[in-house]
Amino acid sequence: MEKKKQNPHGGASTISKSPQSSCLLLLSIIFTATVSSSAVVSDVSGFDYADALSKSLLYFESQRSGRLPYNQRVAWRDHSGLTDGLEQGVDLVGGYYDAGDHVKFGLPMAFTVTMLSWGVIEYGDQIASAGEFEHALEAIKWGTDYFIKSHTSPNVLWAEVGDGDTDHYCWQRPEDMTTCRHAYKIDENNPGSDLAGETAAAMAAASIVFRKANPHYSHLLLHHAQQLFDFGDKYRGRYDASVDVVKSYYASVSGYMDELLWGAMWLYKATDNDKYLNYFIQNADSFGGIGWAITEFSWDVKYAGLQIMASKLLMEEKHKQHRHILEQYRSKAEHYLCSCLNKNNNSNVDRTPAGLLYVRQWNNMQYVSTAAFLLTVYSDFLRSSNQKLHCHGDGAAAVDHQEILNFARSQVEYILGSNPMNTSYLVGYGSKYPNRVHHRGASIVSYRENKGFIGCTQGYDNWYSREDPNPNVVVGALVGGPDCQDNFMDQRDNYMQTEACTYNTAPLVGVFAKLLQLEEESKSLIASY
C-alpha cells in the first residue's frame, strides 16, 4: 500500500477502549431476516453469495508472486519476482503481494493465510458445497509454500522481500519489476516474535485444513509452526525493531504478546498439546489476553480473535479447570462483539450514517470484514450452545445468535452494494464497482497482451494518471471503501479508498460461504410451501 504517512495500512495507532473515528454515531441499520433453526423467512436475499465467494477466492490469484501454475485463472497476470532471495542466497520465490504494490510483507501475508484457513476450518463444508474447496486450499497453499521457503532454519525467518520506499517510487507491472528486491530476516540477534507468532498461527491453522487432504504436508506445516513459535517465544522482540524498513508500512504497534498468545492458541487447536493451552492460560494476564478490551481485529491486533477462540473452549469439559481464565477471555470477546453491535457504554465502534462500521479512514473495510467474520463465528457458537450474548450498555438486553448474524449480514450487504453509493466494494461483483483500483498490475496493459517493457516511471507517465478504467479487473478485491459519511471517490490516486489488500478479502471467504448456506436453506424452505 502507498506510503503517505506513518502506518498507512491501518494498524492500531493506539490500543484503547475507544474507536479512532470522528464520525457521528447514527443507528440506521435495517436488519435483514435470515433463516435460523427457529425461524422461517418469507423472502430471499437479492445477493449472489455463490458469485461473491467464487470471486473472493479468485482475487488471490491476482496477487500471486513467483512462477504461476498451469491452472492460473487470472489471465492478465504472468510470472514475476523470479529472482527473489537470490541476492541473499535463498529461494524466496512465491508468496503474495499484499496490495497494489510489489513488496512481500510477511506479517500481513501470514494473517491473510490464518484468516483463509480459519474460514475453511469453520465453513469448509459450505465452501465445498459451493464447489470452491480446491480453490480455497490453493489460496492457502500458495502462502504456506512460501512460508516453508522463508523459514530456512529453526531460528531464521525471512520477513520481507523488497522495500516500500523504493517500490513506491515506481509504477510498473510486477512482470517488469526493476525495483530493489533485497530480503530482510529475523533471527536470534534480530528477533521478531510478532512475525514468528503470526506465521506459526498461519501454518498451524493451515495444518488443520490439510490434515485429511494432504497429511504429509499438514505434518510439515505443523513442524514449522512449532519451531517458529519456540523461536518467537525464546528470542522476544518486535520485528519492526529488527526490520527497520517495515516501520512506515506494517509497524507492529500492538507489540508481540498478542501474536504469541494467538500462535499458542492455534497450535493448541492443531495439536491438542497442553503445552500450548498452558501457555495462553498462564500468560493470559501478563500478555494482555484478558486485560485489553479491543474494538478492532486486524493484521496488527489479534486479541479479539484470540478471545473468541478461547470463549469456545468453555464448552469442553476438559477445560473446566481453566474456567476462571477462559471466562475472562470471554468477557473481553463479548466487549468486542458488543462494541460492534453498539451495545456497550462509551466504547462502541462508530458507524457511518448508513450503518457501516467505521474504525479509521485508511482502508476501513479491513475492520468491517474481520468484524463480520468474528460476529458470524460467534453467532454459530451461541446457536450451537444455546446461549446468548450479554452486553453492558444502558438498557441492553441479552442478544441472541440471530441478531448477531443479522448485523454481520448487514455489513456484508453494504459491501456488496446496499449502500448510498449503490456500489459494490468487492471488485467485479454486481453491475457497479470500483474501476480505478489503486493497483499497479491492474492499471497497466496486461503483460500477456503487450510484453513491451514499461519502465519505473513510465507507468506514472502513461498509466497512473489516466481517467479511463483500469484495463484489468482485480476481481474479488475488497477496496478500502467509503469515508465516514458513506462517500467514495473511484480514483486511482485515492489510495485510502481504492487500494485493496489480501487481508481485506480473506475473512469474507468464510462469511460468504455461511450466508450462501443460509440462502440455499431459505430457498428450499420457501419452495416447500
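Note that the structure is a prediction, hence the values are computed from the model and not measured.

### Considerations on the overall build of the protein chain
Looking only at helices and strands, the protein chain features 18 helices and 5 strands. Here the C-alpha radius of gyration of the protein chain, 22 Å, is about what a compact globule of 529 residues would show, namely 24 Å. Across its three principal directions, the C-alpha atoms of the protein chain cover 60 × 50 × 45 Å. A burial count over the protein chain gives 64% of its 529 residues as buried. When contacts within the protein chain are restricted to residue pairs at least 6 apart in sequence, those whose partners lie at least 24 apart make up 76%. Put simply, the protein chain has 45 plus and 60 minus side-chain charges, and the middle of one group is 2 Å from the middle of the other.

### Some words on the confidence of the model for the protein chain
Residues at a pLDDT of 70 or more form 91% of the protein chain, whose mean pLDDT is 91. Low pLDDT, under 50, characterises residues 2-44; the stretch is placed with 133 contacts to residues that sit more than four places away or in other chains.

### Comments concerning the packing of helix α12 (residues 323-340) against helix α13 (residues 365-385)
The N-to-C vectors of α12 and α13 enclose an angle of 120°; their axes lie 11 Å apart at closest approach. In this view, α12 runs oblique relative to α13, as classed from their interaxial angle. As for how α12 packs across α13, the hand of that crossing is left-handed. Here α12 contributes Arg330, Glu334, Tyr336, Leu337 and Cys340 to the contact with α13, which in turn contributes Thr370, Ala371, Leu374, Leu375, Tyr378, Phe381 and Leu382. Here the residues of the contact of α12 with α13 sort into 9 nonpolar, 1 polar and 2 charged.

### Brief notes about the state of the cysteines
Applying the stated criterion to the full structure yields 2 disulfides. Sulfur-sulfur distance for the disulfide between Cys170 and Cys456 comes to 1.9 Å. Across the S-S bond of Cys170 and Cys456 the torsion is about -90°, and the bridge reads as left-handed. Of this pair, Cys170 sits in the loop between α4 (164-169) and β3 (183-186) while Cys456 is found in the loop between α15 (440-443) and α16 (458-464), placing the two residues 286 residues apart along the sequence. Taken individually, Cys170 and Cys456 each receive the classification buried, so the pair is uniform in this respect. Here Cys338 connects covalently by a disulfide to Cys391, the sulfurs 1.9 Å from one another. Judged by the sign of its S-S torsion, about -85°, the bond between Cys338 and Cys391 is left-handed. Of this pair, Cys338 sits in helix α12 while Cys391 sits in the loop between α13 and α14 (401-415), and the two are 53 residues apart along the sequence. We classify Cys391 as buried; its relative accessible area is 9%. Lacking any disulfide linkage, Cys180 is separated from the closest cysteine sulfur, that of Cys170, by 11 Å. Here Cys180 falls in the partly exposed class, since its relative accessible area comes to 33%.

### Some thoughts on empty space enclosed by the protein
If a probe the size of a water molecule is rolled over the atoms, the empty space left behind becomes visible. For the structure shown, the criterion picks out 5 cavities of 30 Å³ or more. The calculated volume of the second largest cavity comes to roughly 60 Å³. Elements that contribute at least two residues to the lining of the second largest cavity include exactly β1 (104-105), α2 (106-129), α3 (133-150), β2 (157-161) and α5 (193-209). Ranked by the residues each element gives to the lining of the second largest cavity, the list is headed by β2, at 4 residues.

### Brief notes about the packing of α3 against α5
The angle between the axes and the distance between the axes are what describe a pair of packed helices. Following both chains from N to C, one finds α3 and α5 inclined at 135°, their axes separated by 10 Å at the closest point. As the angle between them shows, α3 and α5 are arranged oblique. Regarding α3 and α5, the two cross each other, and that crossing is left-handed. For the pair α3 and α5, the contacting residues are Leu137, Ile140, Thr144, Phe147 and Ile148 in the first and Thr199, Ala202, Met203, Ala206 and Val209 in the second. Residues that form the contact of α3 with α5 fall into these classes: 8 nonpolar, 2 polar and no charged.

### Regarding the layout of surface pockets
A volume near 340 Å³ is recorded for the largest pocket. Lining the largest pocket are 19 residues; nearest its centre among them are Arg64, Glu138, Lys141, Trp142 and Asp145. For the lining of the largest pocket, the class distribution of residues is 6 nonpolar, 6 polar and 7 charged.

### Considerations on the environment of Glu327
Mapped onto the secondary structure, Glu327 falls in helix α12. Look at Glu327 and you get partly exposed, because its relative accessible area is 32%. Taking the C-alpha atoms as reference, Glu327 lies 9.1 Å from Ile290; in sequence the two are 37 residues apart.

### Description of the environment of Val359
Within the secondary structure layout, Val359 lies in the loop between β5 (357-358) and α13. Looking at Val359, the relative accessible area reads 6%, which means it is buried. Sequence separation between Val359 and Val349 is 10 residues; the distance between their C-alpha atoms is 6.5 Å.

### Observations concerning the nonpolar core
Nonpolar side chains tend to gather and get buried jointly when the protein is soluble and globular. Residues Trp118, Phe280, Tyr329, Leu389 and Leu416 are the most contacted members of the largest nonpolar core, which totals 158 residues. The contact partners of Leu416, leaving out residues within four places of it in the chain, are Phe47, Tyr49, Ala52, Thr423, Ser424, Leu426, Tyr429 and Phe512. In this structure, Trp171, Ile444, Val445 and Trp463 belong to the second largest nonpolar core, which totals 6 residues.

### Focus: the UniProt feature "active site" (unreviewed entry) in the protein chain
The feature "active site" (unreviewed entry), as given by UniProt, occupies His438 in the numbering adopted here. Position of His438 among the secondary structure elements: in the loop between α14 and α15. What makes His438 buried here is its relative accessible area of 1%.

### Some details on unusual backbone geometry
Here Asp272, not a glycine, exhibits a phi torsion of approximately 60°, which is positive. Within the chain, Asn363 stands out as a residue other than glycine whose phi angle is a positive 55°. Assignment of secondary structure puts Asn363 in the loop between β5 and α13. You can call Asn363 buried: its relative accessible area is 0%.

Calculation rules
- Residue positions are counted from 1 within each chain, in the order its sequence is given.
- Residue-level local features of this predicted model are given only where pLDDT is at least 70; pairs of side-chain atoms are given and counted only at 80 or more, and the full residue set underlies all totals for whole chains, interfaces and linings.
- Side-chain numbers here rest on the full set of heavy atoms in the structure, without hydrogens or water.
- Secondary structure follows DSSP: runs of H or I at least 4 residues long count as helices, runs of E at least 2 residues long count as strands, and numbering of each begins at the N terminus.
- The quantity called the radius of gyration is restricted to C-alpha atoms. Its globule counterpart is 2.2 Å times the number of residues to the power 0.38.
- Residue burial is assigned from relative accessible area. The probe radius is 1.4 Å, only protein chains are included, and a residue is buried under 20% of its type maximum, exposed over 50%, and partly exposed in between.
- Whether two residues are in contact is decided by their heavy atoms, any of which lying within 4.5 Å being enough.
- His residues and chain termini do not enter the charge count, which takes Lys and Arg as positive and Asp and Glu as negative.
- Every charge is mapped to an atom, namely NZ of Lys, CZ of Arg, CG of Asp or CD of Glu.
- The quantity called pLDDT is the predictor's confidence in a given residue, expressed from 0 to 100.
- Angles shown run from 0 to 180 degrees and are taken between the N-to-C directions of axes, each axis being a line fitted to C-alpha atoms and, for helices, limited to the stretch in contact.
- For classification, angles of less than 35 degrees are called roughly parallel, those exceeding 145 degrees roughly antiparallel, those between 65 and 115 degrees roughly perpendicular, and all remaining angles oblique.
- Crossings are classed by handedness, with left-handed meaning an anticlockwise turn of the near helix from the far one by less than a right angle and right-handed meaning a clockwise turn.
- Throughout this entry, Asp, Glu, Lys and Arg are counted as charged residues, while Ala, Val, Leu, Ile, Met, Phe, Trp, Tyr, Cys and Pro are counted as nonpolar. The remaining residues, Gly among them, count as polar.
- Two cysteine sulfur atoms form a disulfide, by the criterion used here, when they sit within 2.5 Å.
- Grid points spaced at 1 Å and placed over the protein atoms alone form the basis of the search, with a cavity being a set where a 1.4 Å probe fits but cannot get out and a pocket an open set showing protein on both sides within 12 Å along at least five of seven lines. Lining residues have an atom within 4 Å of a point.
- Grid points are joined across faces, edges and corners, and a volume is the space filled by probe spheres set on the points.
- In this text, buried Ala, Val, Leu, Ile, Met, Phe, Trp, Tyr and Cys residues form a nonpolar core when linked through side-chain atoms within 4.5 Å.
- UniProt positions are given in the numbering used here, feature names are shortened, and annotations may be inferred rather than shown by experiment.

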